[in-house]
Amino acid sequence: MALSPLDDHPVHQTAQVMRHVATSDRNFYDRYYFNCHAGTDELMLIVGLGQYPNLGVTDAFACVRHGDLHRVVRASRELGPDRMNTGIGPFRVEVVEGLKRLRVILEPNEHGLSFELDWEGTIPATLEPRHFLRWQERVMFDSVRLAQTGRWTGSITIGDQGIPVTPDRWLGTRDRSWGVRPVGEPEPPGIQANNSGTFYWLYAPMRFDDHAILCIVQEDEHGRRLLEEAVRVWSDGREEEYLGRPDYRPVYAPDTRDVVEAVIAFSPPGGRPFEVRCTPVLPVHLMVGTGYGLEPDWRHGMYQGPGPVVQGVTYRLPDDAARMWGLVDAVGRFEYDGLVGHGLFEYWALGPHPSFPGQN
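Description of the structure in this document. (Residues numbered from 1 in each chain as written. Predicted model: local features only at pLDDT ≥ 70, side-chain atom pairs only at ≥ 80, totals over all residues. Heavy atoms only, no water.)

1. Digging into the overall build of the protein
Secondary structure summary: the protein contains zero helices and 22 strands in total. Relative to the compact-globule value of 21 Å for 360 residues, the protein shows a C-alpha radius of gyration of 20 Å, a close match. With the C-alpha coordinates of the protein rotated into their principal frame, the extents come out at 55 × 50 × 50 Å. Taken across its 360 residues, the protein has 52% of its residues classed as buried. Across the protein, the fraction of contacts at a sequence separation of at least 24, relative to all contacts at a separation of at least 6, is 59%. In the form shown here, the protein has an accessible surface area of approximately 16100 Å², with 50% of it arising from carbon and sulfur atoms. Taking the average place of the 35 positive charges on the side chains of the protein and the average place of its 49 negative ones, the gap between the two points comes to 1 Å. (Helix = DSSP H or I, 4+ residues; strand = E, 2+ residues; numbered from the N terminus. Rg over C-alpha atoms; globule rule 2.2 N^0.38 Å. Buried < 20%, exposed > 50% of the residue type's maximum accessible area, 1.4 Å probe, protein only. Contact = heavy atoms within 4.5 Å. Areas by Shrake-Rupley, 256 points an atom, 1.4 Å probe, with all protein chains shown as cover. Lys, Arg positive; Asp, Glu negative; His and termini not counted. Charge placed at Lys NZ, Arg CZ, Asp CG, Glu CD.)

2. So, the packing of aromatic side chains
According to the stated counting rule, one finds 16 aromatic pairs in the structure shown. Taking the centre distance of 6.1 Å and the plane angle of 10° together, the rings of Tyr32 and Phe34 count as stacked. Considered together, Tyr32 and Phe34 belong to a single accessibility category, that of buried residues. Through a chain of ring-to-ring contacts, the aromatic side chains of Trp135, Phe141, Phe199, Trp201, Tyr203 and Trp348 assemble into a single cluster. One residue, Arg176, lies across the ring of Tyr32, its end atom 4.5 Å from the ring centre. Over the ring of Trp234 we find Arg238, and its NZ or CZ is 4.1 Å from the ring centre. (Phe/Tyr/Trp six-rings, centres within 6.5 Å; stacked < 30°, edge-to-face > 60°. Lys NZ or Arg CZ within 6 Å of the ring centre and 35° of its normal.)

3. A closer look at the pairing of strand S19 (residues 274-285)
Pairing analysis gives five bridges linking strand S18 (residues 259-266) to S19, with the strands arranged antiparallel. Counted as the bridge partner of Phe266 is Phe274 from S19. Strand direction decides the pairing type here: S19 and strand S21 (residues 328-336), joined by eight bridges, are antiparallel. When the sheet's bridge partners are listed, Pro280 is paired in S21 with Gly332. (Pairing = 2+ DSSP bridges.)

4. Quick word on the pattern of salt bridges
All told, the structure shown has 27 salt bridges when counted by the stated rule. Between Arg323 and Asp320 there is a salt bridge, and its shortest N-O distance comes to 3.9 Å. (Salt bridge = Lys/Arg side-chain N within 4 Å of Asp/Glu carboxyl O.)

5. Digging into the sheet that holds strand S22 (residues 339-350)
Here nine strands make up an open sheet; going across it, the order is S16-S15-S14-S13-S22-S21-S19-S18-S17 and the pairing antiparallel. Both edges of this open sheet fall to strand S16 (241-242) and strand S17 (247-252), since each of them pairs with a single strand only. Here strand S13 (residues 199-207) pairs with S22 via seven bridges, running antiparallel. Bridging from a neighbouring strand, Trp201 pairs with Trp348 of S22.

6. Thoughts on unusual backbone geometry
The omega angle of the peptide bond from Gly307 to Pro308 is 5°, so this bond is cis rather than trans. Mapped onto the elements of the fold, Pro308 is located in the loop between S19 and strand S20 (309-316). Residue Pro318 is bonded to the preceding Leu317 through a cis peptide linkage, with omega at 5°. Residue position: Pro318 is located in the loop between S20 and S21. The backbone phi angle of Leu99 is positive, close to 70°, even though this residue is not glycine. Residue placement: Leu99 occurs in the loop between strand S5 (91-97) and strand S6 (101-106). Although it is not a glycine, Gln136 adopts a positive phi angle of roughly 55°. Secondary-structure assignment places Gln136 in the loop between strand S9 (131-135) and strand S10 (138-158).

7. Concerning the environment of Tyr252
Looking at the secondary structure, you find Tyr252 in strand S17. With ten residues separating them along the chain, Tyr252 and Ala262 place their C-alpha atoms 8.7 Å apart.

8. Description of the nonpolar core
In a soluble, globular protein the nonpolar side chains are often hidden away together inside. Grouped together as the largest cluster of nonpolar side chains are 32 residues, with contacts concentrated most on Met44, Ile46, Trp201, Tyr203 and Leu327. In this structure Met44 touches Asn35, Cys36, His37, Cys63, Val64, Arg65, Leu282, Val284, Asp329, Ala330, Val331 and Leu344, once residues within four positions along its chain are discounted. Membership of the second largest hydrophobic core comes to 30 residues, among which are Ala60, Val64, Val93 and Leu117. (Core = buried A, V, L, I, M, F, W, Y, C linked by side-chain atoms within 4.5 Å.)

Next up, the structure:
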């Protein structure tokens, strides 16, 4: 075992040095996720940075959708002993004030995307339900996540274009998650080859003037609810309000699983039911180029060498539309009771599900 600077802090939870986690599961991960947008179809920037202690790897990506451009910069290196070091080539995440303010940086590089952005939360960071899924005999997901809406200050540079980012206009959501989920190099499927492959998912953190609504829906191939969340979180720190079981009703473009609009119905126990109308404003295919699993040579936690290894990938729409599939992170517009808010509308409808009779 080797010490690291973090071992000098009173934060230990097991009889291990801090560079080692309590489980030997190869799929343990610890990640940041951020998005930045103006609530319009102008631009959406998505940033992620993760550590994979049992794989000895840390990596990061930034993906921007701007007009017809889908551009990704990504980087990877060996994790090393110091888990407080978030630098990966030109990437860096700094915690300025825990649970409130962070800084996200992609320094200028040869791939045509850079930024320096300061995050400020507009609601208290909120812990979501534990995400636990066992498929066949294997625990595939066992993780927790915090969510937060917020605003941004700083600048983004795309090619030669500089875009000022001011908190009166530029919004976003972030999450921090850690635990177990599939990462790294592919494993032999074994009995998992018998799984249906269904991933029916909605994740919708939405911000309004004085509150946010955080909503999650996940169902299996039979339509059984595997995970759900529905809470209203007030900006002034008032107690969260439980909104009951969310009812998700998407409308798909003909012959596709692309959501064009949706309704989420909430029924607070003892309160008045209400519906939120959702419109995806700018879709970003999050899995394209970023490491979420589409490219066989670049996945989150995959060893790329000592590093840092830095790469850039650029696609154009509609020419590269055939590549654009999988999980969608869209700028979302949300409306209820005369209120208009914006946030993340994230969805995927993969595999068999009762809403797609006769389809695989």
